[in-house]
Amino acid sequence: MNARHEWRRGDPDHPIRDAVPLESAHPGAVPDVLFGAGRRPDAFAAPRVAIVGSRSATPMGLADARELGRYCARNGITVVSGLALGIDGAAHEGAIEAGGLTVGVVATGLDVVYPRRHASLFEHVRGAGLIVGEHPDGTQPVAWRFPVRNRIIAALADAVVIVEAARTGGALHTARYAEQYGREVLALPASRRNPVGEGCNRLIADGALMLLDPSDLLVALRRGRAGDAGHLFDDGLGRATHGLELHRLLGIDGDGEDRKSTRLNSSHVALSRMPSSA
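What comes next concerns the included structure. Since the structure is predicted, the reported quantities are computational estimates derived from the model, not experimental observations. (Residues numbered from 1 in each chain as written. Predicted model: local features only at pLDDT ≥ 70, side-chain atom pairs only at ≥ 80, totals over all residues. Heavy atoms only, no water.)

1. A few points about the sheet that holds strand β8 (residues 184-187)
Test applied: Strands qualify as paired when DSSP identifies two bridges or more between them. Helix and strand definitions follow DSSP, with helices as H or I runs of at least four residues and strands as E runs of at least two, each counted in order from the N terminus. Residues count as neighbours in contact if any of their non-hydrogen atoms are within 4.5 Å of one another. To get an axis, fit a line to the C-alpha atoms, keeping to the stretch in contact for a helix; angles then go from 0 to 180 degrees between the N-to-C directions.
Judged by pairing direction, the sheet is mixed, and its 9 strands sit side by side in the order β1-β2-β6-β5-β4-β3-β7-β8-β9 without closing on themselves. Every interior strand has two partners, whereas the edge strands, β1 (4-8) and β9 (209-210), have only one. Relative to strand β5 (residues 102-105), strand β4 (residues 78-81) runs parallel, the two sharing 3 bridges. The partner of V79 across the bridge, within β5, is T102. Across the sheet, helix α4 (residues 119-127) is in contact with β2 (33-37), β5 and β6 (129-133); its angle to β6 comes to roughly 110°. The sheet contacts of helix α5 (residues 145-156) involve β2, β3 (48-52), β4, β5, β6 and β7 (159-162), and relative to β5 the element is tilted by about 155°.

What follows is the structure, given as structure tokens:
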């Protein structure tokens, strides 16, 4: 059964954990009402990573997104994405394949499947997590609603990963929102000959964390809103054992030095320098 859920701005159990201060700092960031449908409302209890990118993804980009989705699932991290063709769909699929939790954020009513070819994926996401959106049933897809929807993806996430993105497009809108909301932004570097990689390279040049290995996600979560390693995996779902893997992946040795975090810190500058045309 796909239970229905509804959260209003100001609810203590709102899925956007910092909804009240976020809305105060960025009016309109938090929808008045967030509707949900699915079997796993506990998807919001875990750390969350948004994985987004181009609809016209390359085979390598799709493989990367699916790998990241699987990695998150295996480490107790909920995958958030937009159920679009390309990178979004691959990220959801990876999480589902690994038995993890995933949340799809739509720009339509929850009863409207768009794109139509993702009808089966919609059902799988409902079963392995939730589909959420701010529009009532029956709301049809309209172009302007999709970039507006991206603010919800960014707000729900603790970190946002851009796998492939052209120079302009929705993925870069999501990155912009994430930076404004204080979320960590990561991007996969791409060949300069890859037209759907230019956006990622621009993000990195403007200060996004360069994701060279899936384990960099754990570093980003540790740096961001998730806090320290103990809090990251203290989600009440029996995943505390991942703390040992976290320490290994972070390169934390006996004297407490964090080599990988130091590498990422050295490359992190304000994303606000990114040109507004992005």
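Having put the structure on the table, let's press on.
2. A look at the pattern of salt bridges
We apply this condition: Every case where a carboxyl oxygen of Asp or Glu lies within 4 Å of a side-chain nitrogen of Lys or Arg is listed as a salt bridge. Between buried and exposed lies partly exposed: a residue is buried under 20% and exposed over 50% of the maximum accessible area for its type, with that area taken using a 1.4 Å probe on protein chains only.
For the structure on display, the rule yields 13 salt bridges. Between D137 and R4 there is a salt bridge, and its shortest N-O distance comes to 3.0 Å. Here the residue D137 occupies a position in the loop between β6 and α5, and R4 occupies one in strand β1, the gap between them amounting to 133 residues. With a relative accessible area of 43%, D137 lands in the partly exposed category. The residue E93 makes a salt bridge to R66 at a minimum N-O spacing of 2.6 Å. Of this pair, E93 sits in helix α3 (residues 87-97) while R66 sits in helix α2 (residues 59-74), placing them 27 residues apart in sequence. The class for R66 is partly exposed, based on a relative accessible area of 23%. A cluster of three or more residues bridged by salt bridges with shared partners is formed by R66, R70, E93 and E97.

3. A short note on the pairing of β3
The condition is simple: When the strands point away from the viewer, a crossover counts as right-handed if the path from the first strand over the helix to the second runs clockwise.
Summarising burial for β3: 5 of the 5 residues are buried, a large majority. Residues R48, A50 and V52 line one face of β3 and the alternating positions V49 and I51 line the opposite face, and both faces are buried. The parallel pair β3 and β4, bridged by α2, forms a crossover whose chirality is right-handed.

4. Digging into the packing of α2 against α3
Selection rule: Helix crossings get a hand from a simple test, with the near helix turned counterclockwise from the far one by less than a right angle marking a left-handed crossing and a clockwise turn marking a right-handed one. Residue polarity is assigned by list, with Asp, Glu, Lys and Arg as charged and Ala, Val, Leu, Ile, Met, Phe, Trp, Tyr, Cys and Pro as nonpolar; anything else, Gly included, falls into the polar class.
Close contact between α2 and α3 brings their axes to 7 Å; oriented N to C, the two are set at 35°. The element α2 and its partner α3 pack so that their crossing is right-handed. Within the contact between the two elements, α2 uses G61, L62, A65, R66, G69, R70 and A73 and α3 uses I87, A90, A91, E93, G94, A95 and E97. Across the contact of α2 with α3, the residue classes break down as 7 nonpolar, 3 polar and 4 charged.

5. Thoughts on the packing of α3 against α4
Convention followed: Put simply, angles under 35 degrees are roughly parallel, angles over 145 are roughly antiparallel, angles from 65 to 115 are roughly perpendicular, and the rest are oblique.
Put simply, α3 and α4 touch, their axes get as near as 10 Å, and they point 45° apart. Classified by the interaxial angle, the pair formed by α3 and α4 is oblique. Seen along the crossing, α3 lies across α4 with a hand that is left-handed. Listed contacts from α4 to G89, H92, E93 and I96 of α3 are L121, H124 and V125.

6. What to know about helix α8 (residues 216-223)
With 6 of 8 residues buried, α8 is to be regarded as a mostly interior element. Among the residues of α8, D216, L217, L218, V219, A220 and L221 are the ones counted as buried.

7. Overview of the nonpolar core
Quick note on the threshold: In this description, a nonpolar core means a group of buried Ala, Val, Leu, Ile, Met, Phe, Trp, Tyr and Cys residues linked to one another through side-chain atoms lying within 4.5 Å.
Core analysis: the largest hydrophobic core is formed by 37 residues, its most contacted members being V105, V132 and I162. Per-element tally for this core: the top contributor is α5, with 5 residues. Setting aside residues no more than four positions away along its own chain, I162 makes contact with V52, A171, A175, L186, A187, L188, C200 and L203. Counting 24 residues, the second-largest nonpolar core is a separate cluster that includes A90, A91, A95 and A220.

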